[in-house]
Amino acid sequence: MSVFYSVGKLGLFLATPSRAQPLATQAFPATRAELRATLFPLFFNTIWVVLFVLQHSVMRAEAVKRFWSAIGLELAERSLYNIASSYCLLLMLKNWHTPSTQYRLWFFEVEENRPLWWFMVGSHVFAWVVVYGGSLMVDLPELIGLKHVYYDINDLAPPMSYKSRDLQDYYKRYRHPSFLALSVVLWFTNGMTLDRCLLAVVWSIYMYLAWNTTQADLQYQKHQLERKRAELVRVNK
C-alpha cells in the first residue's frame, strides 16, 4: 500500500501541468536578492532528493542485508526497503519548496490547448503503465516483498532460489523497469522550473549510474526473447 500510494503521489506531482505566471520572468535570477530567494528552496529540495538516493543505495548494500539477517528480519528485508523508500519519497513531496518566482528553462501553454494538454498527461500515463507493466514482468510480488512472506508461511525456500542463476545476477543489477519511461515523467513537462530540473538531473544521473547492466544481461534478454518467440510459433502451429 505504501509503494502504490507514494508512487501515485509522485505521478501526480510530476504530471500536473504548470500554470502561466502573471508576469513573464527570465530563465535565471537577475539580482543577488533573487538568487538568494531561489537558492534557499533549492538547497532544502536537494536534501530530500539526496536522502531518497542515499536510502535507495545504502539499504541495498550487503552489509545492511547481513544486519537484517543477524537480527532475524531477513524475511522482511524487501518490505522494509520498500516502506523506507515510500516514506523518503513522501517526505520529499511533503517538504518540497517551490520558489515564489518560478524561473523556467522552458514553458509552453497547455491549458488553452486541450489536445496538447491531453498529449502531455497521456504521455505520463503511458509511461507509468510501462513502468508498472515492467514491474509485473520482473515479478512484482517478489519485488515488493509479498512473496517472501507467502513462501515462508508455506515452508518454501526464498523465492529467489527458484530463479535461474542468470536471472538472479540480472536482478542484482537491474530491478526497476524502463529507464526511458521514467525519464519521460521526469523531463516531459510544459514548464521546467529550476527545482523540477534539479530533481530530474539528480534522479536521471542516479538511474544511469545505478542500473549497471552488462553485455551478459543483454544476451540473457535476447536469449529469453528468442525462446518466447519459438514457444509462440510452436503454439500457433
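Residues numbered from 1 in each chain as written. Predicted model: local features only at pLDDT ≥ 70, side-chain atom pairs only at ≥ 80, totals over all residues. Heavy atoms only, no water.

Where an unreviewed UniProt entry is consulted, the chain appears under the name Nuclear envelope membrane protein, with the organism given as Anopheles epiroticus. Among the UniProt annotations of the chain, the heading Sequence similarities (unreviewed entry) holds the following wording: "Belongs to the nurim family." The chain has a UniProt comment under Subcellular location (unreviewed entry) that states "Nucleus inner membrane". (UniProt positions renumbered as here; feature names shortened; annotations may be inferred.)

Enquirer: Quick question: what am I supposed to make of the overall build of the chain here?
Expert: Secondary structure summary: the chain contains 11 helices and 2 strands in total. Each helix and strand of the chain, ordered N terminal to C terminal, gives the series α-α-α-α-β-α-α-α-α-α-β-α-α. Principal-axis analysis of the C-alpha atoms places the extent of the chain at approximately 65 × 55 × 30 Å. Burial statistics for the chain: of 237 residues in total, 38% are counted as buried. Across the chain, the fraction of contacts at a sequence separation of at least 24, relative to all contacts at a separation of at least 6, is 80%. Summed over all atoms, the accessible surface of the chain reaches about 14900 Å², with 66% contributed by carbon and sulfur. Charged side chains of the chain number 24 positive and 17 negative; the gap between the two group centres comes to 2 Å. (Helix = DSSP H or I, 4+ residues; strand = E, 2+ residues; numbered from the N terminus. Buried < 20%, exposed > 50% of the residue type's maximum accessible area, 1.4 Å probe, protein only. Contact = heavy atoms within 4.5 Å. Areas by Shrake-Rupley, 256 points an atom, 1.4 Å probe, with all protein chains shown as cover. Lys, Arg positive; Asp, Glu negative; His and termini not counted. Charge placed at Lys NZ, Arg CZ, Asp CG, Glu CD.)

Enquirer: Quick question: what am I supposed to make of the UniProt feature "transmembrane region" (unreviewed entry) in the chain here?
Expert: As annotated by UniProt and renumbered to match this structure, "transmembrane region" (unreviewed entry) occupies residues 39-58, 116-138 and 179-206. Between the end C-alpha atoms of residues 179-206 there is a gap of 11 Å, over a span that is 79% helix and 11% strand.

Enquirer: Explain unusual backbone geometry here, please?
Expert: Comment: phi is negative for the bulk of residues other than glycine, and the bulk of peptide bonds are trans. Backbone geometry at D155 places phi at a positive 55°, although glycine is not the residue there. Along the chain, the position of D155 falls in the loop between α7 (146-153) and α8 (165-173). Overall, D155 belongs to the exposed group, its relative accessible area being 71%.

Enquirer: Can you walk me through a nonpolar patch on the surface in this structure?
Expert: A grouping of L105, W106, F179, W187, V201, I205, Y208 and L209 is seen on the molecular surface, where their side chains present a nonpolar patch of about 770 Å² in accessible area. Looking at the nonpolar patch, the elements that each hand over two or more residues are β1 (104-107), α9 (179-187) and α10 (194-210). Ranked by residue count, the leading element in the nonpolar patch is α10, at 4 residues. By secondary structure assignment, the location of L209 is in helix α10. (Patch = residues over 30% accessible without salt bridge, like charges linked within 9 Å, V, L, I, M, F, W, Y side chains within 5 Å. Salt bridge = Lys/Arg side-chain N within 4 Å of Asp/Glu carboxyl O.)

Enquirer: Can you help me understand the packing of aromatic side chains in this one?
Expert: Centre-to-centre distance and the angle between the planes together describe a pair of aromatic rings. On inspection of all chains with the given rule, the structure shows 10 aromatic pairs. Aromatic side chains F67 and W68 sit 5.4 Å apart centroid to centroid with 55° between the ring planes, which places their arrangement in the tilted category. Classification of F67 as partly exposed rests on a relative accessible area of 45%. Ring centres of W117 and W118 lie 4.8 Å apart, and the angle between their planes is 90°; on these two criteria the pair is classed as edge-to-face. What makes W118 exposed here is its relative accessible area of 55%. (Phe/Tyr/Trp six-rings, centres within 6.5 Å; stacked < 30°, edge-to-face > 60°.)

Enquirer: Would you take a moment to explain the packing of α9 against α10 for this structure?
Expert: To characterise two packed helices, one gives the angle between the axes of the helices and the distance between these axes. Following both chains from N to C, one finds α9 and α10 inclined at 170°, their axes separated by 9 Å at the closest point. Here α10 runs roughly antiparallel to α9, going by the angle between their axes. α9 and α10 meet at a crossing whose hand is left-handed. Between α9 and α10, the residues in contact are F179, L182, S183, V185, L186 and W187 and R196, C197, L199, A200, V201, W203, S204, M207 and Y208, respectively. Classifying every residue of the contact of α9 with α10 gives 12 nonpolar, 2 polar and 1 charged. (Axes fitted to C-alpha atoms, helices over the stretch in contact; angles between N-to-C directions. Parallel < 35°, antiparallel > 145°, perpendicular 65-115°, else oblique. Left-handed = near helix turned anticlockwise from the far one by under 90°. Nonpolar A, V, L, I, M, F, W, Y, C, P; charged D, E, K, R; others polar.)

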